[in-house]
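This is what each chain is made of:
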Amino acid sequence: MSLTAGIVGLPNVGKSTLFNAITKQNILAANYPFATIDPNVGVVVVPDERLDFLNELYKPKSLVPTTFEFTDIAGLVKGASTGEGLGNKFLSHIREVDAICEVVRCFENSDIIHVENKVDPIRDIEIIEVELILSDLEIVENRFNKIGKKASLSKDKEVQKEAAILTKLKEALEKNIPIRRLDLTDDELLYIKPFNLLTSKPIIFVANVSEEDLLTGDNKYIDQVREYAKKDSAEVVVVCAKMEADLSEMDSLQKLEFLNELGIEESGIDKLIKASYKLLGLETFFTAGADECRAWTFKKGTKAPKCAGIIHTDFEKGFIKAEVMSYSDLKKLGSEKQVKEAGKMRLEGKDYIMQDGDICYFRFNV
């Protein structure tokens, strides 16, 4: 899966601290794979307790989790759409990602200067949103100017349809409404896909708080961000980037003990990785046996042959059937043998849509 989530935010909100903690913590995670593609792209492991269960059950020689990419995008400043700061470079980097994780400063600290001189998460969110909207509006207007006159004179239904979609987008953006909030049809979504509009991308808000506020849960800014996020039906993940940076220096056991002492069940980074994975529309199937237990990433709604092809192209070309059991059945019943005896092992064909947590054995012939 080549989908990637981009971490964005204003300068000095803790964005790069968080990114560094995300990537460093995975270097320390036993035999998990890690790669740095360039200075601002990291491949991160998706935490999954289901793989831990399979590891205990099968005792495989190899355990391989699934991964996806995070991209750390340089801090945006007001006026980016007109070239301020890194301007177009910043916007082009966002255009390359599939989902946005927007880090919002929700902590007070006089030693860390806020680029706008005062902590105000909603203002910060709106600064970024306006810059993305202005960039999208420029693209939509340029296209509309090319075909608008032609649409008014032509009887070509396709041209008229395109003009109608562009008008819908233009009117929304002029009212400061991001594209993701529009109720677009499948045809309209297909049409706008090549434009790669920034405000059409799904978003998560990451509220970066102080360690004290994380432990007490007492932070007025988080409530403000959550209320704002409702407009996008977006998730808000609360993290303390400073604490995550400290955790990333620990081994797995030290990290677990530290979190237990604080009464925290799961680190903010793990929550963010899982939330980003879900935001990208990604799910996981497994292959399991004595040699290897492995998690595989697929796009929700993918059929069995295409999922088989993720493992190897020959599996897709020669696909016959998929022998499938669900993780929940395996965990409940305790072994493959008992799953089969309970009639819960299934043979699925080419039209089967893979489900999150499926454990598969693919039958193929090439």
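Residues numbered from 1 in each chain as written. Predicted model: local features only at pLDDT ≥ 70, side-chain atom pairs only at ≥ 80, totals over all residues. Heavy atoms only, no water.

Student: Can you help me understand the overall build of the chain in this one?
Tutor: The secondary structure content of the chain amounts to 15 helices and 13 strands. The 366 residues of the chain split such that 48% are buried. Contacts in the chain between residues far apart in sequence, at least 24 positions, make up 70% of those at least 6 positions apart. Entry remark: accessible area of the chain is about 18,600 Å², with carbon and sulfur atoms responsible for 49%. (Helix = DSSP H or I, 4+ residues; strand = E, 2+ residues; numbered from the N terminus. Buried < 20%, exposed > 50% of the residue type's maximum accessible area, 1.4 Å probe, protein only. Contact = heavy atoms within 4.5 Å. Areas by Shrake-Rupley, 256 points an atom, 1.4 Å probe, with all protein chains shown as cover.)

Student: What am I meant to see in the pattern of salt bridges here?
Tutor: Charged atoms that come close allow side chains of opposite charge to pair. Taken as a whole and assessed by the stated rule, the structure comprises 25 salt bridges. A salt bridge links glutamate 174 to lysine 170; the nearest nitrogen and oxygen atoms lie 2.9 Å apart. Placement of both glutamate 174 and lysine 170 in helix H5 (residues 157-174) is noted, with a separation of four residues, approximately one turn of the helix. For lysine 170, a relative accessible area of 22% puts it in the partly exposed group. Of the charged contacts, one joins arginine 346 and aspartate 358 as a salt bridge, the two residues approaching to 3.9 Å between their closest N and O atoms. (Salt bridge = Lys/Arg side-chain N within 4 Å of Asp/Glu carboxyl O.)

Student: Please explain the side chain of serine 326 as it appears in this structure.
Tutor: Checked against the element boundaries, serine 326 lands in strand E11 (residues 319-326). Setting aside chain neighbours within four positions, we find serine 326 in contact with Arg346, Gly357 and Asp358.

Student: I keep staring at the environment of valine 103 and nothing clicks. Help me out?
Tutor: Tracing the chain through its elements places valine 103 in strand E6 (residues 99-105). Residue valine 103 is classed as buried on the basis of its relative accessible area of 3%. Sequence separation between valine 103 and leucine 18 is 85 residues, and the spatial gap between their C-alpha atoms is 8.9 Å. Leave out the neighbours within four places in its chain, and valine 103 touches Ile7, Val8, Gly9, Val13, Gly14, Lys15, Leu18, Val206 and Asn208.

Student: Can you help me understand unusual backbone geometry in this one?
Tutor: A negative phi holds for most residues other than glycine; trans holds for most peptide bonds. Positive phi, close to 65 degrees, is recorded for asparagine 12, a residue that is not glycine. By secondary structure assignment, the location of asparagine 12 is in the loop between strand E1 (4-8) and helix H1 (15-27). Take asparagine 12: its relative accessible area is 45%, and that puts it in the partly exposed class. In this model, asparagine 176 sits at a positive phi of 60 degrees, which is unusual for a non-glycine residue. Following the sequence through the fold, asparagine 176 ends up in the loop between H5 and helix H6 (186-192). By relative accessible area, which is 43% here, asparagine 176 ends up partly exposed.

Student: Explanation requested: the nonpolar core in the structure shown.
Tutor: Core analysis: the biggest nonpolar cluster contains 55 residues, and Leu18, Phe68, Phe70, Phe205 and Leu272 have the highest contact counts within it. For leucine 18, the contacting residues outside a window of four places in its chain are Val103, Val206, Val239, Ala241, Ile269 and Leu272. Formed by 14 residues, the second largest nonpolar core is a distinct cluster that contains Leu137, Leu173, Tyr191 and Leu197. (Core = buried A, V, L, I, M, F, W, Y, C linked by side-chain atoms within 4.5 Å.)

Student: What's the story with empty space enclosed by the protein in this structure? I'm lost.
Tutor: In this approach a probe as big as a water molecule rolls over the atoms, and the regions it shows empty are the leftover space. Tallying each qualifying case throughout the model produces two cavities of 30 Å³ or more. For the largest cavity, the calculated volume is near 40 Å³. Lining of the largest cavity is provided by Glu102, Ile125, Ile128, Glu129, Leu132, Arg180, Ile203 and Phe205. Secondary-structure elements contributing two or more residues to the lining of the largest cavity are helix H4 (121-153) and strand E7 (203-208). Ranked by the residues each element gives to the lining of the largest cavity, the list is headed by H4, at four residues. Counted by class, the lining of the largest cavity contains five nonpolar, no polar and three charged residues. (1 Å grid on protein atoms, 1.4 Å probe; cavity = no way out; pocket = protein on both sides within 12 Å on 5 of 7 lines; lining within 4 Å. Points joined across faces, edges and corners; volume = space filled by probe spheres on them. Nonpolar A, V, L, I, M, F, W, Y, C, P; charged D, E, K, R; others polar.)

Student: Is there a simple way to think about the packing of aromatic side chains in this case?
Tutor: Aromatic ring pairs: the centre-centre distance and the angle between the two ring planes describe each pair. One pass over the structure, following the stated rule, counts 10 aromatic pairs. Taking 5.9 Å as the distance between ring centres and 50 degrees as the angle between the ring planes, the aromatic pair formed by phenylalanine 285 and phenylalanine 298 counts as tilted. Within this pair, whereas phenylalanine 285 is found in strand E9 (residues 282-288), its partner phenylalanine 298 is found in strand E10 (residues 292-299), the two being separated by 13 residues in sequence. Owing to a relative accessible area of 0%, phenylalanine 285 belongs among the buried residues under this scheme. Aromatic ring contacts, followed pair by pair, group Phe285, Trp296, Phe298, Phe319 and Phe362 into a single cluster. Its guanidinium or amino end placed over the ring of tryptophan 296, arginine 294 lies 4.2 Å from that ring's centre, counting from NZ or CZ. (Phe/Tyr/Trp six-rings, centres within 6.5 Å; stacked < 30°, edge-to-face > 60°. Lys NZ or Arg CZ within 6 Å of the ring centre and 35° of its normal.)

Student: What is the right way to read the pairing of E9 from this model?
Tutor: One face of the sheet, then the other: side chains in a regular strand alternate in exactly this way. The buried fraction of E9 is high, at seven of seven residues. Side chains of E9 alternate between two faces, with Leu282, Thr284, Phe286 and Ala288 and Glu283, Phe285 and Thr287 buried alike. Pairing of E9 with E10 involves seven bridges; the strand directions are antiparallel. The partner of threonine 284 across the bridge, within E10, is threonine 297. Joining the antiparallel neighbours E9 and E10 is a turn of three residues. (Pairing = 2+ DSSP bridges.)

Student: Honestly, the environment of proline 60 in this entry has me stumped. Any pointers?
Tutor: Locating proline 60 in the fold gives a position in the loop between helix H2 (49-58) and strand E4 (62-64). Between the C-alpha atom of proline 60 and that of glycine 289, which follows or precedes it by 229 residues, the distance is 6.4 Å. Leave out the neighbours within four places in its chain, and proline 60 touches Leu54, Asn55, Gly289, Ala290, Asp291, Glu292 and Cys293.

Student: What exactly am I supposed to notice about the confidence of the model for the chain here?
Tutor: For any part of a model where pLDDT is low, the fine detail of the predicted coordinates should not be relied upon. Of the residues in the chain, 89% reach a pLDDT of 70 or more, and the chain-wide mean stands at 87. Per-residue pLDDT stays below 50 along residues 25-37; that stretch engages in 28 contacts with residues further than four places along the chain or on separate chains. (pLDDT = per-residue confidence, 0-100.)

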